[in-house]
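Here are the chains, one letter per residue:
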Amino acid sequence: MWRNEPTFVVQPSTMEVEMSELTKQSCEACSADAPTVTADQKQALGKDVPDWQEIELDGEEQLQRVFKLKNFAQAQAFTNKVGDLAEEEGHHPAILLEYGKVTVRWWTHKIGGLHKNDYIMAARTDAAYKDMQ
Ligand SMILES: C[C@H](O)[C@H](O)[C@H]1CNC2=NC(N)=NC(=O)C2=N1
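About the cut-offs
Residues numbered from 1 in each chain as written. Predicted model: local features only at pLDDT ≥ 70, side-chain atom pairs only at ≥ 80, totals over all residues. Near = placed C-beta within 6 Å. Nonpolar A, V, L, I, M, F, W, Y, C, P; charged D, E, K, R; others polar. Axes fitted to C-alpha atoms, helices over the stretch in contact; angles between N-to-C directions. Helix = DSSP H or I, 4+ residues; strand = E, 2+ residues; numbered from the N terminus. Left-handed = near helix turned anticlockwise from the far one by under 90°. Contact = placed C-beta atoms within 7 Å. pLDDT = per-residue confidence, 0-100. Pairing = 2+ DSSP bridges.

To continue, consider the site of the ligand. Around the ligand sit Gly90, His91, His92, Thr108, His109 and Lys110, and that is every residue in its neighbourhood. Broken down by class, the residue content of the shell around the ligand amounts to no nonpolar, 5 polar and 1 charged.

Below, the structure written as structure tokens:
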């Protein structure tokens, strides 16, 4: 017979839930006339990817994060994971692969700036990095 043992469900913290929100989302189709994110959206979305910097390069706003890895082979493996993610979503970053270091930049080429998709992919990149630790 099933003993009615109490089952304790561990509730993720709101932060984890928020973080997991973006990592669970997929990129939405975005056309060349899609708007870039507003300042308010940047503020709200930025909270889910706190380790990323908003930079401007060639007049285009981008998200950038430098990931530290143990050596070149680990950096290469992480680069490939990010590349696979990008192919899956049809949304691609700029990646600089160095010994023990990978610099990733996300932005949406067709709108020349930041779209919600870039925040989703930044969160997914963080999750891929976490999986490698
Ligand atoms: C045809 C192809 O789907 C488009 O060119 C995609 C490819 N990957 C992309 N990646 C990014 N970051 N921005 C884009 O606008 C983009 N467009």
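The subject of this paragraph is the packing of helix 3 (residues 72–89) against helix 4 (residues 116–132). Look at helix 3 against helix 4: their axes get within 10 Å of each other, and the N-to-C directions meet at 145°. In terms of crossing hand, the pair formed by helix 3 and helix 4 is right-handed. Side by side, helix 3 and helix 4 meet where Phe78, Lys81, Val82, Leu85 and Glu89 of the first sit next to Met121, Arg124, Thr125, Ala128, Tyr129 and Met132 of the second. Residues belonging to the contact of helix 3 with helix 4 are distributed by class as follows: 7 nonpolar, 1 polar and 3 charged.

In this section: unusual backbone geometry. Unusually for a residue other than glycine, Asp58 sits at a positive phi of about 50°. If you trace the backbone, Asp58 turns up in the loop between strand 1 (53–57) and strand 2 (60–68).

Another aspect to go through is the confidence of the model for the protein chain. Overall, the predicted model of the protein chain reaches an average pLDDT of 90, with 85% of residues at or above 70. Ignoring residues within four places in sequence, the model shows residues 15–19, a span with pLDDT below 50, making 4 contacts including any to other chains. Confidence estimates for the predicted assembly give a pTM of 0.85 and an ipTM of 0.96.

A few words on the sheet that holds strand 1. The strands that make up a sheet are held in pairs by hydrogen bonds between backbone atoms, and each pair lies either parallel or antiparallel. With antiparallel pairing, the 4 strands of this open sheet are ordered in space as 1-2-4-3. Every other strand in the sheet has two partners, leaving strand 1 and strand 3 (94–98) as the edge strands with one partner each. Neighbour to neighbour, the strand axes of the sheet diverge by 25° on average, direction disregarded. Alignment of strand 1 against strand 2, held across 5 bridges, turns out to be antiparallel. Bridge assignment links Gln53 to a residue of strand 2, and that residue is Gln64.

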